[in-house]
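Residue-level listing of the chains:
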Amino acid sequence: MIARVQPDHVTYTTVVSAFVKAGSMDRARRVLAEMTRVGVPANRITYNILLKGYCQQLQIDQAKELVREMTEDAGIEPDVVSYNILIDGCIQVDDSAGALAIFNEMRAKGIAPTKISYTTLMKAFALSGQPKLANKVFDEMLNDPRVKADLVAWNMLVEGYCRLGLVEESKKIIQRMKEHGFHPDVATYGSLANGIALARKPGEALLLWNEVKDRCTAKKEGEKSDDSDPPTLKPDEGLLDTLADICVRAAFFKKALEIVACMEENGIPPNKTKFTKIYVEMHSRMFTSKHASQARQDRRSERKRAAEAFKFWLGLPNSYYGSEWRLGSLDGDN
DNA sequence: ATAGGGTTAG
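Reading the values: the criteria
Residues numbered from 1 in each chain as written. Chains lettered and ligands numbered in written order. Predicted model: local features only at pLDDT ≥ 70, side-chain atom pairs only at ≥ 80, totals over all residues. Heavy atoms only, no water. UniProt positions renumbered as here; feature names shortened; annotations may be inferred. Helix = DSSP H or I, 4+ residues; strand = E, 2+ residues; numbered from the N terminus. Buried < 20%, exposed > 50% of the residue type's maximum accessible area, 1.4 Å probe, protein only. Near = heavy atom within 4 Å. Polar contact = N/O pair within 3.5 Å; in protein donor to acceptor, adjacent residues only side chain to side chain. Core = buried A, V, L, I, M, F, W, Y, C linked by side-chain atoms within 4.5 Å. Contact = heavy atoms within 4.5 Å. Expected span 1.5 Å × (residues − 1). Arc of directions from axis to C-beta. 1 Å grid on protein atoms, 1.4 Å probe; cavity = no way out; pocket = protein on both sides within 12 Å on 5 of 7 lines; lining within 4 Å. Points joined across faces, edges and corners; volume = space filled by probe spheres on them. Nonpolar A, V, L, I, M, F, W, Y, C, P; charged D, E, K, R; others polar. Axes fitted to C-alpha atoms, helices over the stretch in contact; angles between N-to-C directions. Parallel < 35°, antiparallel > 145°, perpendicular 65-115°, else oblique. Left-handed = near helix turned anticlockwise from the far one by under 90°. Salt bridge = Lys/Arg side-chain N within 4 Å of Asp/Glu carboxyl O.

By the naming in an unreviewed UniProt entry, chain A is Pentatricopeptide repeat-containing protein, taken from Rubus argutus. The heading Sequence similarities (unreviewed entry) in the UniProt record of chain A holds the text "Belongs to the PPR family. P subfamily."

And the structure:
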C-alpha cells in the first residue's frame, strides 16, 4: 500500500519560492490559493517570499495589496523581514521617500528595525545621491543599542559618498571604519575606485592601488602579524578593471601593467579591447612632439618605456611614434 | 522555505 503523503506548508512554500524565482508571480499566486483551498495555510514566510517576488517585478502596489491581504484575510501581521522587503522594493523603483515612509511606518507599529533595515534605508539615500541622509541613518544605527553596525553598513555609507565622487569624505569614512576595527573589503575598495574615477583624481587611484596590492599578498613567513592585520584581499574584476581603466586614461602605464598582471594572476581576463581603445583614442600621439628639449626627453624616458611595454602587452605596434595611424586603421572605419 | 553591500562597457 502506498502512503498518501500530503504536502505540508514547507513543501508548498518551496514551490512558491521556485515560481517567484522564475518570475512567474501568477503561478505563485495560484499555489497560494491552493494552499488555502486544501487547508495548508500559508505562513508569514510564504507571504514574504511573494512580497519579494512582487518587488523584484517592480510591482510595489501589488506588494502592498498583498500586505493588506495577509493582514486582513489571513490574519498574519507583516514582520521586520516583510518591511525590509518593501523598503528595498521602493528603492528598486527609485522611491527613497517611499522607503523612508515604510521604515517609519514599521517603527510606528512597534517593530524594531534590524541592522538590515537600517542598511537598506541607507541604501535608499546612498543610491539617490543623498549621502548625508544615509549618514544620518547610520548614526541612528550606531545609537540603537539593539543593533550593531557591521561591514555592510559601513560600506553603504562609503558608497553614498563615492557615488557623488566625494573622495575625501569617503576616505575619512574608511579611516573611521578602520578605527572601529573593520577592514575594508573588495566592496569598499570598489566603491572608492568608482568614486575616484568619477572625480577624475588618478593620483588617488595610485594610493588606492598601493593599499590594495599590499592587501593582496598574504603575510610572508617570519613577518610579524597580529589580529589587527587586515586579512588577505581577493580582488575582483570590478575593482581591478576600474583601477586599470583610471591608470590607462591617466597614462600611468607602469601601474596599469601591474594591475593587469594582478588580474591575470587572479584569473580575471583584462579587457584588452577596451584598453586598446582608450590607448588609441587618448594616447596614440603621445611622445610625438618634435620640440621637446633633451632634458624633457630624459625625464619622460621612463614613462615612455612603460608606454612601450603597455603597447606591447596590448599587442599594438610599438615603434610607430610620430606616425599617423588611428583607430580607423584598426577597425576599418577610415 | 524569507530580508541588507560596490561594478557589469564612454
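Once you've had a look at it, read on.
Focus: the UniProt feature "repeat: PPR" (unreviewed entry) in chain A
Within the UniProt annotation, "repeat: PPR" (unreviewed entry) is assigned to residues 8-42, 43-78, 79-113, 114-144, 150-184 and 236-270. A helix fraction of 84% and a strand fraction of 0% characterise residues 114-144, whose end C-alpha atoms lie 10 Å from each other. Note that residues 236-270 is 74% helix and 0% strand, and that its end C-alpha atoms are spaced 11 Å apart.

Remarks on unusual backbone geometry
Look at Asp94: it is not a glycine, yet its phi comes out positive at around 60 degrees. With respect to the helices and strands, the residue Asp94 is situated in the loop between helix H5 (80-92) and helix H6 (96-108). Its relative accessible area of 74% is what places Asp94 among the exposed residues. Unlike most non-glycine residues, Arg200 shows phi in positive territory, near 55 degrees.

A closer look at the protein's contact with DNA strand B
Taken together, 35 residues surround DNA strand B, and among them Asn48, Lys123, Asn155, Arg163 and Asp236 come closest. Within 4 Å of the protein, the atoms of DNA strand B are drawn from sugar and phosphate moieties in a proportion of 42%. For DNA strand B, a base nitrogen lies 2.6 Å from a polar atom in the side chain of Asn84. Asp150 has a polar side-chain atom sitting 2.9 Å from a base nitrogen of DNA strand B. Elements supplying a minimum of two residues to the surface near DNA strand B: helix H1 (9-21), helix H3 (44-56), H5, helix H7 (115-127), helix H9 (151-163), helix H11 (186-199) and helix H13 (237-249). Broken down by element, the surface near DNA strand B gets its largest block of residues, seven residues, from H9.

Looking at the nonpolar core
By size, the foremost hydrophobic cluster in this structure holds 91 residues, and its most contacted members are Phe275 and Phe310. When neighbours within four sequence positions are excluded, Phe310 is seen to be in contact with Val248, Phe253, Ala256, Leu257, Phe275 and Tyr279.

Considering H11
The terminal C-alpha atoms of H11, which comprises 14 residues, lie 20 Å apart, in line with the 20 Å expected from a rise of 1.5 Å per residue. When H11 is considered as a whole, its buried residues turn out to be Thr188, Tyr189, Gly190, Ser191, Leu192, Ala193, Gly195 and Ile196. Of the surrounding secondary structure, the elements contacted by the buried residues of H11 are H9, helix H10 (167-179), helix H12 (202-216) and H13. By the N-cap criterion, in which a side-chain oxygen at the helix start approaches the backbone nitrogen of a residue two or three places on, H11 is capped by Asp185, the distance to Ala187 being 3.1 Å. Positive phi appears at Arg200, one or two residues downstream of H11, with a value of about 55 degrees.

Considerations on H12
End to end, H12 covers 21 Å across 15 residues, agreeing with the expected 21 Å (1.5 Å per residue, within 8%). Among all positions of H12, only Glu204, Ala205, Leu208, Trp209, Val212, Arg215 and Cys216 are buried. What you see down the axis of H12 is that its buried residues fit within an arc of 135 degrees, all on one side. Away from its buried face, by an angle of more than 90 degrees, H12 presents the exposed residues Leu207 and Asp214. On its buried side, H12 packs onto H10, H11, H13 and helix H14 (253-265).

Examining the environment of Leu157
Secondary-structure assignment places Leu157 in helix H9. We classify Leu157 as buried; its relative accessible area is 0%. Apart from residues no more than four positions distant in its own chain, Leu157 is found in contact with Met122, Ala134, Asn135, Phe138 and Ile173.

Overview of the layout of surface pockets
Of the voids in this model, the second largest pocket is the one considered here, and its volume is about 190 Å³. Lining the second largest pocket we find Ile196, Ala197, Arg200, Lys201, Pro202, Asp245, Ile246, Arg249 and Ala250. Broken down by element, the residue count for the lining of the second largest pocket peaks at three residues, all from H13. By residue class, the composition of the lining of the second largest pocket is five nonpolar, no polar and four charged.

Some words on the packing of H9 against H10
The interhelical angle for the contact between H9 and H10, taken along N-to-C directions, is 165 degrees, at an axis separation of 8 Å. Relative to H10, the element H9 lies roughly antiparallel. Pair H9 / H10 crosses with right-handed handedness. Facing H9, whose interface residues are Leu151, Trp154, Asn155, Leu157, Val158, Tyr161 and Cys162, H10 presents Glu169, Ser170, Ile173, Ile174, Arg176 and Met177. By residue class, the composition of the contact of H9 with H10 is nine nonpolar, two polar and two charged.

Some details on the pattern of salt bridges
Considering all chains together, one arrives at 18 salt bridges under this definition. Between Lys171 and Glu204 there is a salt bridge; the shortest N-O distance is 2.7 Å. One end of the pair, Lys171, is in helix H10; the other, Glu204, is in helix H12, with 33 residues separating them in the sequence. Judged by its relative accessible area of 14%, Glu204 falls in the buried class. A salt bridge links Lys178 to Glu211; the nearest nitrogen and oxygen atoms lie 2.9 Å apart. With Lys178 in helix H10 and Glu211 in helix H12, this pair connects stretches of sequence that are 33 residues apart. Residue classification places Lys178 among the partly exposed positions, given a relative accessible area of 33%. What makes Glu211 partly exposed here is its relative accessible area of 28%. The structure contains a network of salt bridges with shared partners spanning Asp241, Asp245, Arg249 and Lys274.

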